[in-house]
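# Report on the structure
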Amino acid sequence: MGKSLLIVESPTKMKTLSKFLGKEFTIKATYGHIKDLPKSKIGVDIEKGFTPHFVLVKGKAKAVDEIKKVSADADIIYIGSDPDREGEAIAFHVAEVVGKKKNVKRVLFHEITKKGVLDALNNPTALDASKYDAQKTRRILDRLVGYKISPLLWEKVSYGLSAGRVQSVALRLVCDREDEIEGFVKEEYWTIDVDLELPAETGSGPLSRGKGTRR
């Protein structure tokens, strides 16, 4: 019977996890993302529903080959990449690498303690397609905005500047606010305070106090 295989992102976690899990587990790391959009081209098919085309990240061939090799002899493969959308993308790409016929389970480590790790392994989940779709959408927006707007910045401002989905929206908000400031029409107004008191023979003390604004 083969060992269980646990795949995580960071190699620094491997030693700690090995202490918790012992010899029954083989632990490997992806060293971050193993697939991404290609750097040499846009990598998104706009005509076919904005389909992204992920390729193996440069320099990750050795790590991927090692994962393929050890997964071939594993009975169960646990993918313990980070519990966020980036980690989910890594989990999906690892699952693609090891093959659909393998028994792949997703585990979410919210704390690297023995109890936290064992609880996660005893309660595995399925891969989260919604979270992976969110990550793909982010990368597509990064690529479309960056590849379309960055060349404009090189031409109009300075070569080497880059634009992204966050910077571009933030710039739009700043520009819109500046337009509101420049288009503001000044209007004169006054604030009037009034204190009224009764005559001394009818009593003393304030009768009423009023405050109003006149434009």
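Note: the structure precedes this text.
Residues numbered from 1 in each chain as written. Predicted model: local features only at pLDDT ≥ 70, side-chain atom pairs only at ≥ 80, totals over all residues. Heavy atoms only, no water.

The periodicity of an α-helix, 3.6 residues per turn, causes residues three or four positions apart to be oriented the same way. Here helix 5 (residues 129-156) contains 28 residues, and its C-alpha end-to-end distance of 40 Å stays within 8% of the 40 Å for a straight helix at 1.5 Å per residue. Residue Gly146 marks the point of greatest curvature in helix 5, where the axis turns by about 30 degrees. For helix 5, the complete set of buried residues consists of Tyr132, Gln135, Arg138, Arg139, Ile140, Asp142, Arg143, Leu144, Val145, Gly146 and Ser150. Its side-chain oxygen placed 3.1 Å from the backbone nitrogen of Ser130, Asp128 serves as the N-cap of helix 5. (Helix = DSSP H or I, 4+ residues; strand = E, 2+ residues; numbered from the N terminus. Expected span 1.5 Å × (residues − 1). Bend = angle between axes of the 7 residues up to and from the residue. Buried < 20%, exposed > 50% of the residue type's maximum accessible area, 1.4 Å probe, protein only. Polar contact = N/O pair within 3.5 Å; in protein donor to acceptor, adjacent residues only side chain to side chain.)

For residues besides glycine, phi is generally negative; the peptide bonds are generally trans as well. At Tyr31, a residue that is not glycine, the phi angle is positive and equals roughly 60 degrees. You can see Tyr31 is positioned in the loop between strand 2 (25-29) and strand 3 (35-36). Judged by relative accessible area, Tyr31 falls into the partly exposed class, the value being 48%. Despite not being glycine, Phe50 has its phi angle at roughly 55 degrees, a positive value. As for its placement among the helices and strands, Phe50 is situated in the loop between strand 4 (44-45) and strand 5 (51-52).

What follows covers the pattern of salt bridges. Between side chains of opposite charge, a pair can form as their charged atoms come close. Evaluated as defined, the whole model comprises twelve salt bridges. With its nearest N and O atoms 3.2 Å apart, the salt bridge here joins Asp82 to Lys13. With Asp82 in the loop between strand 7 (77-79) and helix 3 (85-98) and Lys13 in helix 1 (residues 12-21), this residue pair connects regions lying 69 residues apart in the sequence. Residue Lys13 is classed as partly exposed on the basis of its relative accessible area of 23%. The residue Asp119 makes a salt bridge to Lys115 at a minimum N-O spacing of 2.8 Å. Here Lys115 and Asp119 lie together in helix 4 (residues 114-122), a separation of four residues that amounts to about one turn. For Lys115, a relative accessible area of 60% puts it in the exposed group. Through salt bridges that share partners, Asp36, Glu86, Arg138, Arg139 and Asp142 make up one connected network. (Salt bridge = Lys/Arg side-chain N within 4 Å of Asp/Glu carboxyl O.)

As a further point, take the packing of aromatic side chains. Across all of its chains, the model carries two aromatic pairs by this definition. Note on Phe25 and Tyr78: the rings are 5.8 Å apart at their centroids and 40 degrees apart in plane angle, and the pair reads as tilted. Taken together, the residues span a long stretch of sequence, with Phe25 in strand 2 and Tyr78 in strand 7 at a distance of 53 residues. Here the two residues Phe25 and Tyr78 agree in accessibility, since each one is buried. Judged by centre distance (4.4 Å) and plane angle (15 degrees), the ring pair of Phe92 and Tyr132 falls under stacked. With Phe92 in helix 3 and Tyr132 in helix 5, this residue pair connects regions lying 40 residues apart in the sequence. Residue Phe92 shares its accessibility class with Tyr132, and that shared class is buried. We note Lys136 situated over the ring of Tyr132; from NZ or CZ to the ring centre the distance is 4.6 Å. (Phe/Tyr/Trp six-rings, centres within 6.5 Å; stacked < 30°, edge-to-face > 60°. Lys NZ or Arg CZ within 6 Å of the ring centre and 35° of its normal.)

The analysis is restricted to geometry; functional conclusions fall outside its scope.
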